[in-house]
Amino acid sequence: VIRSLAPMLAMDQAALDAALARVDEPDFTKAVFRIDFRANGGPARMEFQSGDETVEGTLPKWGGEPGTYLMVKGPIGKAWKQYRFTFMPTASGKVAMLVKCDTGKLFKPILVGYDGFTVEGAALANGGFETLDAGGKPAQWHAGDAEVKNGQAQEGQNWVKTSGESGLWQELELEAGKPVTLSFYSRIANDL
């Protein structure tokens, strides 16, 4: 569109190049991590309790029965940063923890990197993505569109880069009344 309008707007090559560069660059001020917890129709129920200053947890109305879907988001930058939040299971059961890239309605996707997951109050396997299966995906995780990257990790050697809504997920067993605290590192990963 810009190229076709350039002659009508009397844009020289420098102005056209500048306009195209802005189109190709995602709006990194809107970059967020996103982690969802979904009960998948089981009995588990959750409530967000607390998080780092910029971390927000919501129970979206489109998520099904109240408490069966918890969505946690927070802004990220171009350097690794650790995030932490706590939620309370109000009913025991299994949930899928989905680690993803929240592109929302952005035309240009912002890719998100994750590393160093630890969980208190539930069991999580291979939180640092150091163990890979025969296909090169993180062992114990359902990988979706996540890509394992080697080097430039916050912890160890491996980290994952998510590029879409499917990300990667792992099932957690929750116990009612036992708080679950998750900590991890995240960053914008478009340049990696």
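Just so it is clear, the model here is predicted, and its values are computed rather than measured. (Residues numbered from 1 in each chain as written. Predicted model: local features only at pLDDT ≥ 70, side-chain atom pairs only at ≥ 80, totals over all residues. Heavy atoms only, no water.)

Q: Even after reading the chapter, I still don't get the overall build of the protein, so can you show me in this structure?
A: Helix and strand counts for the protein stand at 2 helices and 11 strands. Start at the N end of the protein and walk to the C end: the helices and strands fall as α-α-β-β-β-β-β-β-β-β-β-β-β. Within the protein, the proportion of its 192 residues that are buried is 43%. Contacts spanning at least 24 positions in sequence make up 72% of the contacts within the protein whose residues lie at least 6 apart. For the protein, the exposed surface amounts to about 9,700 Å²; the carbon and sulfur share of it is 52%. (Helix = DSSP H or I, 4+ residues; strand = E, 2+ residues; numbered from the N terminus. Buried < 20%, exposed > 50% of the residue type's maximum accessible area, 1.4 Å probe, protein only. Contact = heavy atoms within 4.5 Å. Areas by Shrake-Rupley, 256 points an atom, 1.4 Å probe, with all protein chains shown as cover.)

Q: Would you explain the pattern of salt bridges in this entry?
A: Oppositely charged side chains can form a pair if their charged atoms are brought close together. Going through the model one piece at a time under the given rule, you end up with 7 salt bridges. The partner of Arg-187 in a salt bridge is Asp-191, with the nearest N and O atoms 3.3 Å apart. Overall, the relative accessible area of 9% leaves Arg-187 in the buried class. Here the residues in one salt-bridge network are Arg-34, Asp-36 and Lys-100, joined through shared partners. (Salt bridge = Lys/Arg side-chain N within 4 Å of Asp/Glu carboxyl O.)

Q: Is there a simple way to think about the nonpolar core in this case?
A: The tendency in soluble globular proteins is for nonpolar side chains to be buried side by side. Residues Phe-33, Ile-35 and Phe-37 are the most contacted members of the largest nonpolar core, which totals 36 residues. Non-local contacts of Ile-35, meaning those with residues more than four positions away in its chain, are made with Leu-70, Met-71, Val-72, Phe-85, Met-97, Leu-98, Tyr-114, Phe-117, Leu-182 and Phe-184. Within the second largest apolar cluster, 5 residues are counted, among which are Trp-80, Leu-111, Trp-159 and Tyr-185. (Core = buried A, V, L, I, M, F, W, Y, C linked by side-chain atoms within 4.5 Å.)

Q: How should the sheet that holds strand β8 (residues 147–150) be read in this particular structure?
A: Either a parallel or an antiparallel arrangement is found when strands of a sheet pair, and the pairing is made through backbone hydrogen bonds. Within the open sheet, the 6 strands sit side by side as β2-β5-β11-β7-β9-β8. Their pairing is antiparallel. For this open sheet the edge positions go to β2 (45–51) and β8, each flanked by a neighbour on one side alone. Pairs of neighbouring strands in the sheet enclose a mean axial angle of 35 degrees, with direction left out of account. The pairing of strand β5 (residues 81–91) with strand β11 (residues 180–188) spans 7 bridges and is classified as antiparallel. If you follow Thr-86 over to β11, its bridge partner there is Thr-181. (Pairing = 2+ DSSP bridges. Axes fitted to C-alpha atoms, helices over the stretch in contact; angles between N-to-C directions.)

Q: What is the right way to look at the environment of Ser-50 in this model?
A: Positionally, Ser-50 belongs in strand β2. Taking C-alpha positions, Ser-50 is 5.3 Å from Thr-86, a pair spaced 36 residues apart along the chain. Setting aside residues up to four positions removed in sequence, Ser-50 forms contacts with Phe-85 and Thr-86.

Q: I would appreciate a short explanation of the sheet that holds strand β4 (residues 69–75) in the present structure.
A: A sheet is described by the order of its strands in space; here 5 strands give the open sequence β3-β4-β1-β6-β10, paired in antiparallel fashion. With one partner strand each, in any of the chains shown, β3 (56–58) and β10 (168–174) form the two edges of the open sheet. Going across the sheet, the axis of each strand differs from the next one's by a mean of 20 degrees, ignoring polarity. In terms of strand pairing, strand β6 (residues 93–101) meets β10 through 7 bridges, oriented antiparallel. By the bridge assignment for β10, Val-99 is matched with Leu-168.

Q: Before we go on, may I ask you to explain the pairing of β5 in this structure?
A: With 6 bridges connecting them, β2 and β5 associate as antiparallel partners. Each residue of the ladder has a partner; that of Phe-48, found in β5, is Phe-87.

So, to be careful, I would describe these as geometric facts and stop short of saying anything about function.
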